[in-house]
Amino acid sequence: MSSALTSFVHAELAQAVQCEKSGDMDAAFSYLERAHILSQYSTRQHVAVHGAMFEWAWKRRDYREMFGQVIRLAGAATKTALGFIPTGNTGGTNVSPIKPMPVPDDLAKIIAENR
């Protein structure tokens with residue numbers, strides 16, 4: 001993953017933290033989903049984003065999401081480097097971990113310009 005794409009992942013994670021601090025946990029998760037889409041090209045970043053999603057679920061005591069993120073952490077750690085990437089997948093337990101999804105236009109542009 002290029003350092004430019006990594007900086008976009010970090011920017012989305014920072015926005016998630018800001019939303020959490022202001023008490024808007026739903027908006028925070030939306031930024032985590034955006035970070036997930038961008039992170040799928042790097043095992044390290046992909047695992048880090050699922051870790052952040054687990055932390056989000058922990059803070060909400062959302063046990064379903066916590067369990068799902070444990071499964072997704074294992075998948076990100078073992079499958080990303082092999083190229084098993086469901087492009088556009090948002091990473092939460094509300095979607096199948098293997099389902100490709102449309103990439104939002106702004107993120108598609110970032111990925112195209114920085115991969």
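Refer to the preceding data block for the structure.
Numbers given for residues are sequential positions, taken from 1 along each chain in its written order. With the structure being a predicted model, the display of local features is reserved for residues of pLDDT at least 70 and the display and counting of side-chain atom pairs for 80 or more, all residues being used for whole-chain, interface and lining totals. Side-chain measures here rest on the full set of heavy atoms in the structure, leaving out hydrogens and waters.

Topic: the overall build of the protein chain
Here is step 1: Along the protein chain, the regular secondary structure elements total five helices and zero strands.
Here is step 2: When the backbone C-alpha atoms are referred to their principal axes, the protein chain occupies close to 35 × 30 × 25 Å.
Here is step 3: Each of the 115 residues in the protein chain was classed as buried or not, and the buried ones make up 41%.
Here is step 4: The method behind every accessible area is Shrake-Rupley, applied with a 1.4 Å probe, and residues are considered shielded solely by the protein chains displayed. For the protein chain, the computed accessible surface area is about 6300 Å², with 59% contributed by carbon and sulfur atoms.
Here is step 5: Only four residue types enter the tally: Lys and Arg on the positive side, Asp and Glu on the negative side, with His and both chain ends excluded. Taken as the charge location is NZ of Lys, CZ of Arg, CG of Asp or CD of Glu. Computing the positive centroid from 12 side-chain charges and the negative centroid from 11, the protein chain places the two 6 Å apart. Each helix is a run of DSSP H or I of at least 4 residues and each strand a run of E of at least 2, with the numbering of both proceeding from the N terminus. Three labels apply to residues, based on accessible area from a 1.4 Å probe with only protein chains included: buried if under 20% of the type maximum, exposed if over 50%, partly exposed otherwise in between.

Comments concerning helix α4 (residues 63-79)
Structurally, the α-helix is built with 3.6 residues per turn, so residues lying three or four positions apart point the same way.
Here is step 1: Expected span of a helix: the number of residues minus one, times 1.5 Å. For α4, built from 17 residues, the straight-helix expectation of 24 Å at 1.5 Å per residue is met to within 8% by its first-to-last C-alpha distance of 24 Å.
Here is step 2: Taken together, the buried residues of α4 touch α2 (25-39) and α3 (43-60). Should any heavy atoms of two residues lie within 4.5 Å, those residues are counted as being in contact.

Some points on the packing of α2 against helix α5 (residues 105-114)
Here is step 1: It is at 10 Å that the axes of α2 and α5 come closest, and there the two elements cross at 30°. Our classification of the angle between α2 and α5 gives roughly parallel. You can see that α2 and α5 cross each other, and the crossing is right-handed. Contacts between α2 and α5 involve R34, I37 and L38 on the former and, on the latter, D106, L107, I110 and I111. Comment: axis = line fitted to C-alpha atoms, over the contacting stretch for helices; angle = value between 0 and 180 degrees taken between N-to-C directions. For this classification, under 35 degrees means roughly parallel, over 145 means roughly antiparallel, 65 to 115 means roughly perpendicular, and everything else is oblique. The hand of a helix crossing depends on one turn: near helix anticlockwise from the far one by less than a right angle means left-handed, and clockwise means right-handed.

Some points on the nonpolar core
Here is a general trend for soluble globular proteins: nonpolar side chains tend to be buried in one another's company.
Here is step 1: Here, nonpolar core refers to any group of buried Ala, Val, Leu, Ile, Met, Phe, Trp, Tyr and Cys residues whose side-chain atoms link them within 4.5 Å. The biggest cluster of nonpolar side chains holds 21 residues, and the ones touching the most others in it are V9, L13, L32, L38 and W56.
Here is step 2: Secondary-structure elements contributing two or more residues to this core are α1 (3-21), α2, α3 and α5.
Here is step 3: A total of seven residues in this core trace back to one element, the largest contributor, which is α2.
Here is step 4: Apart from residues lying up to four places away in sequence, W56 is in contact with E20, M25, A28, F29, L32, D62 and E65.

Focus on α5
Here is step 1: Taken residue by residue, α5 has L107, I110, I111 and N114 as its buried positions. Relative to the axis of α5, the buried residues are bounded by an arc of 95° and lie together on one face. For α5, the exposed residues lying more than 90 degrees away from the buried face are D105, K109, A112 and E113. Here the arc refers to the directions that run from the helix axis out to each C-beta atom.

Considerations on the packing of α3 against α4
For any two helices packed against each other, the geometry comes down to the angle between their axes and how far apart the axes lie.
Here is step 1: It is at 9 Å that the axes of α3 and α4 come closest, and there the two elements cross at 170°. Looking at the two axes, α3 sits roughly antiparallel to α4. Taking contact as the criterion, the partners of T43, H46, V47, H50, G51, M53, F54, W56, A57 and W58 in α3 are, on α4, E65, M66, Q69, V70, R72, L73, A76 and A77.
Here is step 2: In the contact of α3 with α4, the residues fall into 11 nonpolar, five polar and two charged. When residues are grouped by polarity, Ala, Val, Leu, Ile, Met, Phe, Trp, Tyr, Cys and Pro land in nonpolar, Asp, Glu, Lys and Arg in charged, and all others, Gly among them, in polar.

Quick look at unusual backbone geometry
Apart from glycine, the bulk of residues carry a negative phi angle, and the bulk of peptide bonds sit in the trans form.
Here is step 1: For R61, which is not glycine, the phi dihedral falls at a positive 55°.
Here is step 2: Looking at the secondary structure, you find R61 in the loop between α3 and α4.

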